[in-house]
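Breakdown of the fold
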Amino acid sequence: MLSGGDMLIRALKDEGVEVVFGYPGGAALHIYDAIFRQKDVKHILVRHEQAATHAADGYARATGKVGTVLVTSGPGATNAITGIATAYMDSIPMVVISGQVQSHLIGEDAFQETDMVGISRPIVKHSFLIKHPSEIAETVKKAYYIAATGRPGPVVIDVPKDMTHPANLFAYEYPDKVKLRSYSPATRGHAGQIKKAVQLLLAAKRPVIYAGGGVVQGNASGLLRDLVNMLNAPCTNTLMGLGAYPGTDKRFVGMLGMHGTYEANMTMHHSDVILAVGARFDDRVTNAVSKFCPNAKIIHIDIDPASISKTVVADVPIVGSVESVLTDMIALIKESNEKPDAEAIKQWWQQIDEWRERHGIYHKTRYDTSSDLIKPQDVIKAIWEVTKGDAYVTSDVGQHQMFAAQYYLFDKPRRWINSGGLGTMGFGLPAAMGVQMADREATVVCVTGEGSIQMCIQELSCCTQYHLPVKIICLNNQALGMVRQWQDMQYSGRYAESLYEDSLPDFVKLAEAYGHVGMRVTKKEDLKAKLAECFAMKDRVVFMDIMVDQSEHVYPMQIATQSMRDMLVSKTERV
Amino acid sequence: MRRIISVLVENAPGALSRVVGLFSQRGYNIESLTVAPTEDQTLSRLTLTTLGDDHKIEQITKHLNKLIDVVKLVDLTEGAHIERELMLIKVKASGAQRAEVKRCVDIFRGQIVDVTSTLYTIQITGASDKLDAFLEAVGDASIIEVVRTGVCGISRGEKVLSL
């Protein structure tokens, strides 16, 4: 016989949860007492509930497991909302347990009461309100099952305080599995559709494979690589998909979309068959949908039927798990003994290589390196070198995020951890903590800016408490870089509220105040040596404040309301 | 195009708000909505009418299906179906109007369910356009109060929506 609080924590243990990120408060205190009296489930005390959700999110992205969050009612719950929305937009499996006021007080505007189920409704995959302590075990099982299967997403369990009261004991049994009559996520794709897709791909003269976060989440990177090799087709990854296909492979044409590479966007625009795998034709990818890839037949594999033909109509829709569908496609190609049209594919690669040569950012340096100022792109390249391309890289949101996405070439999935859909500033540091919790030995880098880092900077304290030696690389341009870039481009350089005017803290001293190492880099020639020094301090949190060129813009940049191929490749060149 | 979507949802707290929330969140219209438990006490049946082209309706049904509380749904307007709506209406009925309104009610096969010296309370069932037609026939000037249930519907023939 267990109390509700004990049952909840016991259920987490039985579910295999190793770590919970959270913050206590009145309505959650019975649960926290249950945590105190056991050793199996570790709790990480963050400094703000938003960070708990981002940390659990980072943990989930790095491991593929479900991240777990525990917060109290009212402000604890509302502070978690940004992180839940972040996870929802990027389809990250997460369970958020929120304390709630006692059930008889619900609806009476009690102290620290908020309608968590209501407030989180548009940004969760599902939510539960515990009505009786005996429901706890089954609800936890359901929550983890729903969060992890199908198109993953966050699930909220709202737990009124009286449900966890230590005086009320109930029988506990954790179910082996749950069945929900109204929930049966798709698994295998339709055989007929898969056959059609294979025929279309084999007949293609200018194919391209456009792979997104679904490949990472669906653990299908190996299969993707096999398929790309068999077809000898170019592969592009979305912002969420980076690492799904090896970034250093010759068939990788880079990220696509608004800040995608010239060659990726050109390849998409001129293709005759697009295989979209676990990607959702986001508006930051397609540019104007009406002008999107006019000559391409589109095959779209996704586990979520609602993603298919949502913005761009698919010619061959395939609902199913990416892993299963790619396995079937590969088997079918092998069986058919057919090969792609070698001559056509050769010409296609010649064309792509020509694009790479013309404006490709990997082929040669496209930004001005003549000035004495440190270029943000060079910082990312140097991080890649010093970490041998094998670090976990989390990022915040803005220019630094795009530079990291462009210049850190990820060869493995689950290494690039960023808020792609919601674009949440403040994500990077707590996400890095979550990654470091998942792998205590790993090199974890948080690429950030002086704007984003200040949105969750309090977590430097959490890093101290739990010895999470993440490396924070702050590309400090003393401005909200992406905002400033848009103001340069669209508002004649009127920098409305995007400049800090000498109000920034001394990040070196700040890091030191938290007990960490702070370093500042102002000279180009010091960059590599200082980075090497930073990464050599394996056991320390290092905050590197790198002063970069404020005037730098992210290019390429697609031109709004135009097609994939309409881009600015520098401040002066429009293609 | 106007569509009638019939949905079986778990008879659970919050299920209705998830459905309604989905519509407002994604900018879909709800023209009418009715909901009540079915013969199976664990299920409620919800009928909603909405407007949209095929693309929008496809998205609506896909997103509805994604809700964990939605067990099954059908777009009734895809096939032959019966739709009904019930309306209660208070109409001025004094002097010469009294006989005129009564005749109109008979024509529309309605019933007068309550009477005062100056008012008739009328009940009419039928498809929504019949109810609209009745309102027009009676005329704005005579109408005191109108309440409509919203559409409910069912497929014709052997086709059923059940588990």
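What follows concerns the state of the cysteines. Residue and element names in this part refer to chain A. In the structure shown here, the tally under the stated rule is zero disulfides over all chains. Note on Cys293: no disulfide assigned, nearest cysteine sulfur contributed by Cys235 at a separation of 15 Å. Residue Cys293 is classed as buried on the basis of its relative accessible area of 3%. The thiol sulfur of Cys474 is not disulfide-bonded, and the nearest other cysteine sulfur, from Cys446, lies at 8.8 Å.

Right, let's talk about the confidence of the model for chain B for a bit. In the predicted model, chain B carries a mean pLDDT of 96, and 100% of its residues have values of at least 70. Scoring of the predicted complex yields 0.96 for pTM and 0.93 for ipTM.

The next thing to look at is the pattern of salt bridges. Summed over all chains, the structure comprises 35 salt bridges over all chains. Its salt-bridge partner being B:Asp132, residue B:Arg148 comes within 2.8 Å of it at the nearest N-O pair. Of this pair, B:Arg148 sits in strand E8 (residues 143-148) while B:Asp132 is found in helix H4 (residues 128-138), placing the two residues 16 residues apart along the sequence. Take B:Arg148: its relative accessible area is 29%, and that puts it in the partly exposed class. The network of salt bridges with shared partners includes A:Asp6, A:Asp33 and A:Arg37.

What follows covers the nonpolar core. All names here are of chain A. Among the nonpolar cores identified, the biggest contains 71 residues, and Ile209, Leu224, Leu326, Met329, Ile383 and Ile473 are the most heavily contacted of them. Ranked by the residues each element gives to this core, the list is headed by helix H12 (residues 322-336), at six residues. By size, the runner-up hydrophobic cluster in this structure holds 53 residues, among which are Tyr59, Ile417, Leu468 and Ile472.

All names here are of chain A. If you trace the six strands from one edge of the open sheet to the other, you get E16-E15-E17-E18-E20-E19, paired in parallel fashion. Lying at the two open borders of the sheet, with one neighbouring strand each, are strand E16 (416-417) and strand E19 (517-521). Relative to strand E20 (residues 542-547), E19 runs parallel, the two sharing five bridges. The partner of Met519 across the bridge, within E20, is Met544. Sheet contacts for helix H15 (residues 399-407): strand E15 (392-395), E16, strand E17 (444-449) and strand E18 (471-476); angle to E17, the most-contacted strand, approximately 135°. Lying on the sheet, helix H20 (residues 527-536) is in contact with E17, E18, E19 and E20; it crosses E19 at an angle near 170°.

The next subject is the environment of A:Ala220. If you trace the backbone, A:Ala220 turns up in the loop between helix H8 (213-217) and helix H9 (221-231). In the structure, A:Ala220 is positioned 103 residues away from A:Glu323 in sequence and 5.0 Å away in space, judged by C-alpha atoms.

Per the stated rule, a full pass over the model turns up 12 aromatic pairs over all chains. Ring geometry for B:Phe108 and B:Phe134: centres 5.2 Å apart, planes at 80°, overall edge-to-face. Of this pair, B:Phe108 sits in the loop between helix H3 (97-107) and strand E6 (111-115) while B:Phe134 sits in helix H4, and the two are 26 residues apart along the sequence. Grouping aromatic residues by their ring pairs yields a cluster made of A:Tyr210, A:Phe281 and A:Phe292.

Attention now goes to unusual backbone geometry. All names here are of chain A. Cis geometry marks the peptide bond from Tyr555 to Pro556; its omega dihedral reads 0°. Positionally, Pro556 belongs in the loop between E20 and strand E21 (557-558). Phi is positive for Asn287, close to 55°, though the residue is something other than glycine. By the element assignment, Asn287 lies in the loop between helix H11 (283-286) and strand E13 (297-302).

Between chain A and chain B, the contact holds 19 residues from the first and 22 residues from the second. When chain A packs against chain B, the two sides together hide about 1600 Å² of surface, and 48% of this comes from carbon and sulfur. The largest share of the area that chain A buries against chain B comes from A:Arg121, A:Arg181 and A:Ser182, three residues that together contribute 39% of it. Seen at the junction of chain A and chain B, the total is two salt bridges. Residues that form the side of chain A that touches chain B fall into these classes: eight nonpolar, four polar and seven charged.

Our focus in this paragraph is empty space enclosed by the protein. Residue and element names in this part refer to chain A. Considering all chains together, one arrives at two cavities of 30 Å³ or more under this definition. Taken as a whole, the largest cavity holds about 140 Å³ of empty space. Taken together, 13 residues form the lining of the largest cavity, with Arg61, Val216, Gln217, Met240 and Trp416 sitting closest to its centre. Elements represented by at least two residues in the lining of the largest cavity include exactly helix H3 (49-63), H8 and E16. Here the lining of the largest cavity takes three residues from H8, the largest share from any one element. Classifying every residue of the lining of the largest cavity by side-chain character gives seven nonpolar, three polar and three charged. The calculated volume of the second largest cavity comes to roughly 50 Å³. Lining the second largest cavity are Leu242, Gly243, Tyr245, Gly247, Phe252, Gly254, Met255, Tyr362, Ala405, Tyr408, Leu409 and Phe410.

A few words now on the pairing of strand E12 (residues 273-277) of chain A. Residues and elements named next belong to chain A. Most of E12 is tucked away: five of the five residues are buried. Of the pairings in the sheet, the one linking strand E9 (residues 207-211) to E12 comprises five bridges and is parallel in character. Looking at E12, one finds that Val208 is bridged to Ile274. Both E12 and E13 contribute to a ladder of five bridges, which runs parallel. If you follow Val277 over to E13, its bridge partner there is Ile301.

Moving on: the pairing of E20(A). Residues and elements named next belong to chain A. Burial within E20 is extensive, with six of its six residues counted as buried. Burial along E20 is two-sided: Val542, Met544 and Ile546 and Phe543, Asp545 and Met547, pointing in opposite directions, are all buried. The pairing of E18 with E20 spans six bridges and is classified as parallel. For Ile472, the partnering residue across the bridge sits in E20 and is Phe543. In this fold, E19 hands off to H20, which returns the chain to E20; that crossover is right-handed.

Residues and elements named next belong to chain A. Between helix H1 (residues 4-15) and helix H6 (residues 136-148), whose axes approach to 9 Å, the crossing angle comes to 35°. Along this stretch, H1 crosses H6, giving a crossing that reads as right-handed. Contacts between H1 and H6 pair Gly4, Met7, Leu8, Ala11, Leu12 and Glu15 from the former with Ile136, Ala137, Val140, Lys141 and Tyr144 from the latter. A per-class count over the contact of H1 with H6 returns eight nonpolar, one polar and two charged.

This part takes up the environment of B:Val138. Residues and elements named next belong to chain B. Considering the arrangement of structural elements, one finds Val138 in helix H4. Once the C-alpha coordinates of Val138 and Val91 are considered, the two residues, 47 residues apart in sequence, prove to be 8.0 Å apart. The contact partners of Val138, leaving out residues within four places of it in the chain, are Val91, Cys104 and Ile143.

Attention now goes to H1(A). Residues and elements named next belong to chain A. Helix length check: H1 (12 residues) gives 16 Å between terminal C-alpha atoms against 16 Å at 1.5 Å per residue, within 8%. Those residues of H1 that fall on the buried side of the exposure criterion are Gly4, Gly5, Asp6, Met7, Leu8, Ile9, Ala11 and Leu12. Gly16 occupies a position one or two residues after H1 and carries a positive phi of about 95°.

What counts, and at which threshold
Residues numbered from 1 in each chain as written. Chains lettered and ligands numbered in written order. Predicted model: local features only at pLDDT ≥ 70, side-chain atom pairs only at ≥ 80, totals over all residues. Heavy atoms only, no water. Disulfide = S-S within 2.5 Å. Buried < 20%, exposed > 50% of the residue type's maximum accessible area, 1.4 Å probe, protein only. pLDDT = per-residue confidence, 0-100. Salt bridge = Lys/Arg side-chain N within 4 Å of Asp/Glu carboxyl O. Helix = DSSP H or I, 4+ residues; strand = E, 2+ residues; numbered from the N terminus. Core = buried A, V, L, I, M, F, W, Y, C linked by side-chain atoms within 4.5 Å. Pairing = 2+ DSSP bridges. Contact = heavy atoms within 4.5 Å. Axes fitted to C-alpha atoms, helices over the stretch in contact; angles between N-to-C directions. Phe/Tyr/Trp six-rings, centres within 6.5 Å; stacked < 30°, edge-to-face > 60°. Buried area = accessible area lost by both parts, 1.4 Å probe. Nonpolar A, V, L, I, M, F, W, Y, C, P; charged D, E, K, R; others polar. 1 Å grid on protein atoms, 1.4 Å probe; cavity = no way out; pocket = protein on both sides within 12 Å on 5 of 7 lines; lining within 4 Å. Points joined across faces, edges and corners; volume = space filled by probe spheres on them. Right-handed = clockwise from strand over helix to strand, strands pointing away. Left-handed = near helix turned anticlockwise from the far one by under 90°. Expected span 1.5 Å × (residues − 1).

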